[in-house]
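Report on the structure
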Amino acid sequence: MAIKNHFALLGTVAVLATAAFAGQAAARDQIRIVGSSTVFPFTTAVAESFGKGGSFKTPIVESTGTGGGLKLFCSGVGEDTPDITGASRRIKASEVETCTKNGVTQIVEVRVGFDGIVFANAKSGPKIEIDKAIIWKALAAQVVVDGQLVANPYKTWDEIDPKLPKAKIEILGPPPTSGTRDAFNELVLEKGCEEAKATEVIIASGVDKKDVGKACMKVREDGVYVEAGENDNLIVQKLVANPAAFGIFGYSFLEENADKIQGATIEGVQPTYEDISSGKYSVSRTLFIYVKKAHVGTVPGIKEFVAEYTSDKAMGENGYLADKGLIALPKVEADKARAAGVGMVPLDPATVK
């Protein structure tokens, strides 16, 4: 009975918040979007195209990072909260719970395409071929040496593998609030830890089995890894200025700066549109936008903006977002995404982990 009353109360709060916002409709006539730095250039391109249509104002788009964007998005319903957020990973169950507590009870999830995470350096730097185990050994707080778990001793790449350059390990990447960091942790660090056969040693050191993933993802804090903020363009600029350094960011930034930077070959595969699309390049993830259904019909143009975003001319294989580096969804998946977005179909919280 207490649980039923709890959800009844949440529903009442959501209805009152939505009603209050509807009464303030005239206060904002421009869509506000926040979120992932990776999704940012795609959303900006859609916003510009949408604004040129003349029926609605060009949406305001801010790059806040995936975690930061979802925090703002889930903070409540009303003119002071965003209508849409971009995410370079799927929303978490804990974030859905926060949304619900704050009256954001109907969230529309739209998959917009794929992106690869690249490990890249300046074109004037060395071309390298690596695997996930090598990247893990370069970045992990603790690594296995002679069967023992020790603080990461590696200072130069050749200490990890003699085939690699005799150069200082310097890596620029996103902060913990970034969806790119979340995806990199899961797709590279956790997998690299397994490939380096370190998990059994970590367990033997006293770490509980359920915490092994977290231990594998813990990044060293001795200055080798530098958090470069949510601005991936800044990482690109720093790589150009320092050819010895490597950076971690979305494929779209490699595509946009192909004259300045190069992607490392990971497990024998280069980060290209074709290989990311086919799944051959293993370090890839799905990109999303999340829409606050309570704002639809109150802030003008939200439905129309989502229709533009999910149109074939935007996110299709030959759409204008492909020119920005977005990897298109297969047609069947694109049709599903379009139907969910245009139909404003709320996300089922039970499907979220």
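Residues numbered from 1 in each chain as written. Predicted model: local features only at pLDDT ≥ 70, side-chain atom pairs only at ≥ 80, totals over all residues. Heavy atoms only, no water.

Going by what an unreviewed UniProt entry lists, the chain is known as Phosphate ABC transporter substrate-binding protein and is assigned to Oleomonas cavernae.

**Let's talk about the pairing of strand E7 (residues 148–151)**
Where strand E6 (residues 142–145) meets E7, 4 bridges bridge the pair, whose relative direction is antiparallel. Across the sheet, the residue bridging to Val143 is Val150, located in E7. (Pairing = 2+ DSSP bridges. Helix = DSSP H or I, 4+ residues; strand = E, 2+ residues; numbered from the N terminus.)

**Side note on the packing of aromatic side chains**
The full count for this structure, using the stated rule, is 7 aromatic pairs. With a centroid separation of 5.5 Å and 85 degrees between ring planes, the pair formed by Phe50 and Phe305 is classed as edge-to-face. Of this pair, Phe50 sits in helix H2 (residues 40–52) while Phe305 sits in helix H13 (residues 302–309), and the two are 255 residues apart along the sequence. Assessed through its relative accessible area of 0%, Phe305 is described here as buried. (Phe/Tyr/Trp six-rings, centres within 6.5 Å; stacked < 30°, edge-to-face > 60°. Buried < 20%, exposed > 50% of the residue type's maximum accessible area, 1.4 Å probe, protein only.)

**Let's talk about the nonpolar core**
Ranked by internal contacts, the top residues of the largest apolar core, which has 83 residues, are Phe119, Trp157 and Phe249. Tallying contributions element by element places strand E4 (residues 107–122) first for this core, with 8 residues. Residue-level mapping places this core at the junction of two domains, with at least three residues from each of domain 1 (32–115 + 285–351) and domain 2 (116–284). Once residues within four sequence positions are removed from consideration, Phe249 is found in contact with Gly116, Ile117, Val118, Ala120, Thr180, Asp232, Ile235, Val236, Leu239, Leu254 and Ile261. (Core = buried A, V, L, I, M, F, W, Y, C linked by side-chain atoms within 4.5 Å. Domains from an automatic or database assignment. Contact = heavy atoms within 4.5 Å.)

**A word on the domain arrangement of the chain**
Looking at the assigned domains, one finds that the chain contains domain 1 (32–115 + 285–351) and domain 2 (116–284). Using C-alpha coordinates to define each centre, domain 1 is positioned 28 Å away from domain 2. Taken together, the contact pairs 21 residues of domain 1 with 22 residues of domain 2. The largest contributions to the domain 1 side of the interface with domain 2 come from Asp115, Arg285 and Ile327, which together make up 37% of the buried area. One can count 2 salt bridges joining domain 1 with domain 2. A salt bridge links Asp182 to Arg89; its shortest N-O distance comes to 2.6 Å. Viewed at the interface, domain 2 and domain 1 are joined by 8 residue pairs in polar contact (both at pLDDT 80 or more). Elements with a minimum of two residues in the side of domain 1 that touches domain 2: H2 and helix H3 (66–73). (Buried area = accessible area lost by both parts, 1.4 Å probe. Salt bridge = Lys/Arg side-chain N within 4 Å of Asp/Glu carboxyl O. Polar contact = N/O pair within 3.5 Å; in protein donor to acceptor, adjacent residues only side chain to side chain.)

**A closer look at the state of the cysteines**
A full pass over the atoms with the stated rule returns 2 disulfides. The residue that forms a disulfide with Cys74 is Cys99, at a sulfur-sulfur distance of 2.0 Å. Across the S-S bond linking Cys74 and Cys99, the dihedral sits near -70 degrees, which makes this disulfide left-handed. On the criterion of sequence distance, the pair formed by Cys74 in the loop between H3 and strand E3 (84–87) and Cys99 in helix H4 (residues 93–101) is long-range, its members being 25 residues apart. The buried category is assigned to Cys99, whose relative accessible area is 0%. Linked covalently through their sulfurs, Cys193 and Cys216 form a disulfide whose S-S length is 2.1 Å. Its torsion about the S-S bond being -50 degrees, the disulfide of Cys193 and Cys216 is classed as left-handed. Of the two residues, Cys193 sits in helix H7 (residues 179–195) while Cys216 sits in helix H9 (residues 212–217), which places them 23 residues apart along the sequence. In this pair, the class of Cys193 matches that of Cys216, namely buried. (Disulfide = S-S within 2.5 Å.)

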